[in-house]
Amino acid sequence: MAAVSLAVNGKPVTVDVDPRTLLVQLLREHLRLTGTHVGCDTSQCGACVVHVNGKAVKSCTVLALQLDGANVLTIEGLAAPDGPLHPMQEAFRENHGLQCGFCTPGMIMTAVDIVRRKGRDLDDRTIRDELEGNLCRCTGYHNIVKAIAAGAHAMHAGKASKAAE
Amino acid sequence: MSATGIGAAVRRKEDHRFVTGKGHYTDDINRPGQAYAYFIRSPHAHATITSIDSKAAAAMPGVLAVLTGAELAADKIGNLICGWMIHSKDGSPMKMAPHPALASGKACHVGDPVAVVIAETLGQARDAAEKVKVDYAVLPAVADPVAAQKKGAPQIHEVAPHNTIYQWHIGDHKAVDAAFKSAKHVTRLDIVNNRLVPNAMEPRAAIAEYDAGSGHLTLWNTSQNPHVARLVIAAFVGMAPEHKLRVIAPDVGGGFGSKIFIYPEEVVALWAARRLGRPVKWVSDRSEAFVTDAHGRDHHTHAEMAFDADGKILALRAKTIANLGGYMSTFSSAIPTYMYAPLLSGQYSIPQIYSEVDAVYTNTVPVDAYRGAGRPEATFVVERLIEVAARELGVDPAELRRRNFIKTFPHQTPVIMAYDAGDYNASLKKAMELADCKGFSKRKRDAARHGKLRGMGFSAYIEACGIAPSQAVGSLGGGVGLWESAEVRVNPTGSVEVLTGSHSHGQGHETTFAQLVSDRLGIPIDNVSIVHGDTDKVQFGMGTYGSRSGAVGMSAIVKALDKIEAKAKKVAAYVLEAAESDIEFKDGKFSVAGTDKSAAWGDIALNAYIAHKFSGQELEPGLKEGAFYDPTNFTFPSGVHICEVEVDPDTGNTEIVAWTAVDDFGVVINPMIVEGQVHGGIAQGVGQALCEGAVYDKDGQLVTGSFMDYAMPRADYLPPIKVDTTMTKCPSNPLGIKGCGEAGAIAAPAAVINAITDAIGTEALAMPATPAAVWAALQKARKAAPHAA
């Protein structure tokens, strides 16, 4: 066993783990943050996407011990507890961008990262290309693409109104 | 229409927990003291297990037990069963081989579980599994169903000579032959309906817990029908009496049929939990899912359609060999028979149909229902035949369809089904307008200018949903009734819980079912909870598949609501001091006809429970009613999908450039959810047509065993989809619902292949139409006709 210290959703944690523990196992099994899902074993499906130091990462591809000192954000930390949803979460809800919900946390974390990298005006083709690493079996992606386009606008609108304050 | 009633695009109640990561899927549940199961699986497609040495493994750190088929048999754990009896044309019953939860004596497919390690942690169980020494004597294997029936093929199960489970047929053979003799034109096709892996994004999982004090077992699992799982595990596997087994299917991350069935792993988890007195958890990884989740399709068909001189269909005949894999899965026998051949009439008036189906064992993963289940296979046969026939006859494909559409209802087909309502021409007309079929030839010319081959394909599908009248199911060999149950519990404060036997694993029942209650009782949708997926809460139910939750599950709720209203009116009569016959109920208010006296829904609910206004002799207190609804017919959703593609002749790559879907689902409860179902179904159908296919090599190894090898449709594979509807009400259920869950997957493959073959000018193209396959088909066609375009 070895200790790793990191911040998860803004809270510092130190956990003793078996060295082979993956980040997703640390989150799900040690911290009981079960919103991050495991849908495959070849890093293809993207159900496990979280943000590490601000960037989207498939948490099944990273050993927990690699993340000493890192800042990890999961779906549970995207919006303040009991506060309003994050604009991207709201966009998925509003546009019926989910059905069974299993791929959804990974989709939303990926979507937020797409907006960070590509900005507010995302065309259909860009969004579809950027979703290369996320699989959904329910929606046919149609409404996910719509949700991400809407969420991107809403995120920027939110930023603009904050800047105006 | 109220903002939350029937027909409103209400945003889903379940979404808040899913978008915030607060769902409760099976793997999110943990029980105190739980141990972990890891299965040792056969690496061989067909092999005798000569010995299992687990001594070294048992001594590994954290290991609690290593269990094999021998212990399973010693503990008298029964076999898994197939619950639908099919008789061969000679009258003999299907040849069902034993299917133990852990292989006994021999393994019949790669992935067949041979032993299980239970340990304190999953890591320890995996480590120990590597130390279990299984000796196999490898036997010759067969994965191809056509080869499996041939003389000299490896014999998989003693009970089934030539690996043939049944040789079934339906229809009038002689009448069909006579019709073909008189035909002016016959179109013939050989079709392989490619084998698919369902791949719901949530892998299967099970947690079993035993309470030694009460002798009760609890199973949390990823099931589409927890009550059916409980029934089979109790009555056939014999794990526990039904009343001492609780099955809970919490949030389930997609099913598409693959989570209907009762699987070895949940049986083993229950058995191990009882043996060890510890909760036992098992979660499939994706590689394991590929070799254990029941696959879909895998039909090999020769089909022929006969026409008269006017292009009217005279008859259809089809011979199909269906691969059922290494064991018969729960409903496997019904899929290539009653879920398939009765749909071979499509939307057309076909006087005579004859279909023969041979089901065979092979050394592959069991095959069972996958989204559409038999109906996509039938639609592909019919819609390819008619499209090819149109091309052969030089008739416009839309016109040939129109000429043969069924126009009057009810319509009795020659293969069981009595279609109750539809307007096929209306869907075709609307779809052709939306797809701008008139502008197609210009688009084709434009595409040619930039070196692309443009094609358009139709698929006019029908499905039989809302399964199904129990008596009919029983007469066809089904071991269950396919009604649905509902219980409506009104609380003293007027809020409502609906307990339903349907199960939601993405369909949004918490919203649509609540819309029905809100509409009927005039109460806010947030005052309604839908309870499902727990055999201790819901008395019994048949679960969700075959697009039955709306047509059957909601009809049961309607029946229960009728009783609630009747009882509430009695209460209202006492409260308002009026005759019961004068009580009217509308928009959540009870009033006395012709007066201004009224009482709100909540007042009546409270009065039903405090029972101050009536005596116990006059009326029972409380407001809770249950109902079972057994449908009187299948429902028949139908529609037309039009796909337009551009093929790059240099690479064979197909791009779907436009998709139009016009469906008739009857009455729609929530158009937003219905559109989502159509999108998802189309994606799976496009996956089948363009990229998906489970490939076995000659030794029975699954070559496409992970997301690295099995091509799932991704976002960039699919076009934006135009969805619209037409509507004929379903006459057989109180809401007029037909169902929408499978339509896209049923319609899409034929539309895609009809479009590509239109583009490349040859019919010799199998699914999946990968770039390599399309390019090869093009080259072959060009060699055969070097001067053609």
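A. Molecular detail of the overall build of chain A. Secondary structure assignment for chain A yields five helices and five strands. Reading chain A from its N terminus to its C terminus gives the helix and strand order β-β-α-β-β-β-α-α-α-α. Its C-alpha radius of gyration of 16 Å places chain A within 12% of the 15 Å reference for a compact globule of 165 residues. Classification of the 165 residues of chain A by burial places 56% in the buried group. For chain A, the proportion of contacts with a sequence separation of at least 24, taken over those separated by at least 6, is 61%.

B. Layout of the overall build of chain B. Secondary structure assignment for chain B yields 20 helices and 28 strands. The C-alpha radius of gyration computed for chain B amounts to 28 Å, which stays within 12% of the reference 28 Å derived for 789 residues, consistent with globular compactness. With the C-alpha coordinates aligned to their principal axes, the bounding extent of chain B is approximately 90 × 75 × 50 Å. The 789 residues of chain B split such that 59% are buried. Partitioning the intrachain contacts of chain B with sequence separation of at least 6 by distance along the chain shows that 80% fall at a separation of at least 24.

C. The arrangement of unusual backbone geometry in detail. Residue and element names in this part refer to chain B. For the peptide bond that leads from F409 to P410, omega is 0 degrees, which places it in the cis range. Relative to the elements of secondary structure, P410 occurs in the loop between α11 (397-404) and β16 (411-412). Cis geometry is adopted by the peptide bond preceding A468, which originates at I467 and carries an omega value of -10 degrees. Structurally, A468 is set in the loop between β18 (453-462) and α14 (470-475). A positive phi angle is found at F256, which is not glycine, with a value near 60 degrees.

D. Main features of the domain arrangement of chain B. Residue and element names in this part refer to chain B. Partitioning chain B into structural domains gives domain 1 (31-139 + 201-254 + 259-290), domain 2 (299-467 + 633-784) and domain 3 (483-629). Here domain 2 and domain 3 have C-alpha centroids that lie 40 Å from each other. Taken residue by residue, the interface counts 18 residues in domain 2 and 16 residues in domain 3. Taken together, the residues that form the side of domain 2 that touches domain 3 break down as ten nonpolar, six polar and two charged.

E. Structural context of the interface of chain A and chain B. Facing 46 residues of chain A, the contacting portion of chain B comprises 44 residues. Of all the elements in the fold, those that place two or more residues in the side of chain A that touches chain B are α2 (87-94), α3 (104-118), α4 (124-130) and α5 (142-164) of chain A. Counted by class, the side of chain A that touches chain B contains 19 nonpolar, 16 polar and eleven charged residues.

F. Looking closely at the domain arrangement of chain A. Residues and elements named next belong to chain A. Annotation of chain A at the domain level lists domain 1 (2-77) and domain 2 (87-164). Inter-centroid distance (C-alpha atoms) of domain 1 to domain 2 is 22 Å. At the junction of the two partners, domain 1 supplies 15 residues and domain 2 supplies eleven residues. Mapped onto the side of domain 1 that touches domain 2, the elements with two or more residues apiece are β3 (49-52) and β4 (55-58). It is β3 that provides the largest number of residues to the side of domain 1 that touches domain 2, a total of three residues.

G. A look at the environment of F540 of chain B. All names here are of chain B. Position of F540 relative to the elements: it lies in the loop between β21 (528-531) and α16 (549-575). A residue is classified by how many C-beta atoms lie within 10 Å of it, and F540, with 15 of them, is partly exposed. Spatially, the C-alpha atoms of F540 and K624 are 16 Å apart, while their sequence positions differ by 84 residues. When sequence neighbours within four positions are dropped, the list of residues in contact with F540 reads H227, S485 and G501.

H. Quick peek at the sheet that holds strand β6 (residues 133-138) of chain B. Residue and element names in this part refer to chain B. Pairing is antiparallel across the open sheet formed by three strands, whose spatial order is β4-β2-β6. The sheet terminates laterally at β4 (106-107) and β6, the two strands that pair on one side only. Pairing geometry for strand β2 (residues 47-53) and β4, over two bridges, is antiparallel. Residue T48 lies in a different strand from β4, and its bridge partner there is K106.

I. Up close: helix α8 (residues 264-276) of chain B. All names here are of chain B. For α8, built from 13 residues, the straight-helix expectation of 18 Å at 1.5 Å per residue is met to within 8% by its first-to-last C-alpha distance of 18 Å. Across the 13 residues of α8, eleven count as buried, placing the element largely inside the fold. Looking one or two residues past α8, G277 carries a phi angle of roughly 65 degrees, positive in sign.

J. Seen up close, the sheet that holds strand β25 (residues 624-629) of chain B. Residues and elements named next belong to chain B. Overall, mixed pairing links the four strands, which are arranged β21-β20-β19-β25 in an open sheet. With one partner strand each, in any of the chains shown, β21 and β25 form the two edges of the open sheet. In this sheet, neighbouring strand axes are inclined to one another by 15 degrees on average, regardless of whether the strands run parallel or antiparallel. Sheet topology places strand β19 (residues 484-490) next to strand β20 (residues 496-500); five bridges connect them, and they run antiparallel. The residue of β20 that forms the bridge with V488 is V498. Docked against the sheet, α16 engages β19, β20 and β25, running at close to 145 degrees with respect to β25.

K. Broad picture of the pairing of strand β28 (residues 722-726) of chain B. Residues and elements named next belong to chain B. In this structure, strand β27 (residues 654-664) lies alongside β28, joined through five bridges in parallel fashion. Across the sheet, residue T660 finds its bridge partner in β28, namely K722. Once you follow β27 into helix α18 (residues 671-690) and on to β28, the crossover reads as right-handed.

L. Geometry of the packing of α11 of chain B against helix α12 (residues 424-434) of chain B. All names here are of chain B. Their axes nearest at 10 Å, the elements α11 and α12 cross at an angle of 165 degrees. Viewed along their axes, α11 and α12 adopt a mutual orientation that is roughly antiparallel. The interaxial crossing formed by α11 with α12 has left-handed handedness. Mapping the contact onto sequence places A398, R401 and R402 in α11 and N425, L428 and M432 in α12. The residue makeup of the contact of α11 with α12, split by class, is three nonpolar, one polar and two charged.

M. Summary view of the pairing of strand β1 (residues 35-41) of chain B. Residues and elements named next belong to chain B. Within β1, seven of the seven residues are buried, which leaves it mostly tucked inside the rest of the structure. The side-chain alternation of β1 yields two buried faces, one formed by A35, A37, F39 and R41 and the other by Y36, Y38 and I40. Here β1 pairs with strand β12 (residues 280-283) via two bridges, running parallel. In the sheet register, Y36 faces β12, and the bridge partner there is K281. One ladder, built from six bridges, connects β1 with strand β5 (residues 113-119); its direction is antiparallel. Across the sheet, residue A37 finds its bridge partner in β5, namely I118.

N. Geometry of the nonpolar core. With 316 residues, the main nonpolar core has A37, V116, V117 and A269 of chain B as its most contacted residues. Apart from the residues lying within four places of it in its own chain, the contact partners of A37 of chain B are V116, I118, A125, V268, A269, A272, V280, K281 and W282 of chain B.

O. Broad picture of the confidence of the model for chain B. In this model, chain B carries a mean pLDDT of 97, and residues with pLDDT of at least 70 account for 99%. Prediction confidence for the complex, expressed as pTM and ipTM, is 0.97 and 0.97 respectively.

P. Examining the environment of D582 of chain B more closely. All names here are of chain B. With respect to the secondary-structure elements, D582 resides in the loop between α16 and β22 (583-586). In the structure, D582 is positioned 396 residues away from V186 in sequence and 66 Å away in space, judged by C-alpha atoms. Apart from residues no more than four positions distant in its own chain, D582 is found in contact with V592 and A593.

Q. Broad picture of the environment of D144 of chain B. Following the sequence through the fold, D144 of chain B ends up in the loop between β6 and α5 (145-148). Note: C-alpha distance between D144 of chain B and H300 of chain B (156 residues apart in sequence) is 9.8 Å.

Criteria and cut-off values
Residues numbered from 1 in each chain as written. Chains lettered and ligands numbered in written order. Predicted model: local features only at pLDDT ≥ 70, side-chain atom pairs only at ≥ 80, totals over all residues. Helix = DSSP H or I, 4+ residues; strand = E, 2+ residues; numbered from the N terminus. Rg over C-alpha atoms; globule rule 2.2 N^0.38 Å. Buried ≥ 20, exposed ≤ 12 C-beta atoms within 10 Å, placed from the backbone. Contact = placed C-beta atoms within 7 Å. Domains from an automatic or database assignment. Nonpolar A, V, L, I, M, F, W, Y, C, P; charged D, E, K, R; others polar. Pairing = 2+ DSSP bridges. Expected span 1.5 Å × (residues − 1). Axes fitted to C-alpha atoms, helices over the stretch in contact; angles between N-to-C directions. Right-handed = clockwise from strand over helix to strand, strands pointing away. Parallel < 35°, antiparallel > 145°, perpendicular 65-115°, else oblique. Left-handed = near helix turned anticlockwise from the far one by under 90°. Core = buried A, V, L, I, M, F, W, Y, C linked by C-beta atoms within 7 Å. pLDDT = per-residue confidence, 0-100.

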